[in-house]
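So you can see what is in the structure, the chains are spelled out below.
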Amino acid sequence: MDVNGVGWIGAIIIGGLAGWLAEMVMKSNTGIFMNIILGIVGAVVLNAILQALNFQSFGVGWFAYLITGFIGACLLIFVGRLVRR
């Protein structure tokens, strides 16, 4: 089964990169495992939000998955900070 056209191994690698980029931009302190989870779940969450709002996704492929994962991971970090307060 493909995840946005990148496959499972690609999703893990790209999700980790997207989570790491989000960690750097949002200045959070998470580990590599959490970066992978943030990137993958962030991509899934942002795709669901875009579909609910009737917007097109950013496309198919590793670059689109990286952008979606990065933005989604940043949103998850932001929401996590709001909940902790």
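What this report covers is the structure whose coordinates are included nearby.

What counts and how
Residues numbered from 1 in each chain as written. Predicted model: local features only at pLDDT ≥ 70, side-chain atom pairs only at ≥ 80, totals over all residues. Heavy atoms only, no water. Axes fitted to C-alpha atoms, helices over the stretch in contact; angles between N-to-C directions. Helix = DSSP H or I, 4+ residues; strand = E, 2+ residues; numbered from the N terminus. Parallel < 35°, antiparallel > 145°, perpendicular 65-115°, else oblique. Contact = heavy atoms within 4.5 Å. Core = buried A, V, L, I, M, F, W, Y, C linked by side-chain atoms within 4.5 Å. Buried < 20%, exposed > 50% of the residue type's maximum accessible area, 1.4 Å probe, protein only. Expected span 1.5 Å × (residues − 1).

**Some remarks on the packing of helix 2 (residues 32-52) against helix 3 (residues 62-84)**
Running from N to C, helix 2 and helix 3 cross one another at 95°; their axes reach a closest spacing of 6 Å. Judged by the angle between their axes, helix 2 and helix 3 are roughly perpendicular. Contact with helix 2, carried on its side by Leu38, Gly39, Ile40, Val41, Gly42, Ala43, Leu46 and Asn47, involves Tyr65, Thr68, Gly69, Ile71, Gly72, Ala73, Leu75, Leu76 and Ile77 of helix 3 and no other residues of that element.

**A word on the nonpolar core**
One finds Val6, Ala11, Ile14, Ala18, Ala43, Tyr65 and Leu66 forming the largest nonpolar core, which totals seven residues. For this core, the elements supplying multiple residues, two or more each, are helix 1 (7-26) and helix 3. Considering every element that reaches this core, the biggest residue donor is helix 1, with three residues. Residues contacting Ile14, with those up to four places away along its chain left out, are Val6, Trp62, Tyr65 and Leu66. Counting six residues, the second largest nonpolar core, distinct from the first, contains Ala22, Met26, Ala73 and Cys74.

**Overview of helix 2**
Between the first and last C-alpha of helix 2 there are 30 Å, a value that for 21 residues agrees with the 30 Å anticipated at 1.5 Å per step. Asn54 sits one or two residues past helix 2 and shows a positive phi near 60°.

**Describing unusual backbone geometry**
Its identity is not glycine, yet Lys27 carries a phi of approximately 55°, on the positive side. Locating Lys27 in the fold gives a position in the loop between helix 1 and helix 2.

**Some thoughts on helix 3**
In a regular helix each residue adds 1.5 Å, so 23 residues correspond to 33 Å; helix 3 covers 32 Å between its end C-alpha atoms and thus fits that length. Looking at the buried side of helix 3, the elements it contacts are helix 1 and helix 2.

**A few points about the packing of helix 1 against helix 2**
Axis separation between helix 1 and helix 2 bottoms out at 6 Å; the angle between their running directions is 100°. Taken together, the axis directions place helix 1 and helix 2 in an arrangement best described as roughly perpendicular. Every residue of helix 2 that contacts helix 1 at Ala11, Ile12, Gly15, Gly16, Ala18, Gly19, Trp20 and Glu23 is listed here: Asn35, Ile36, Gly39 and Ile40.

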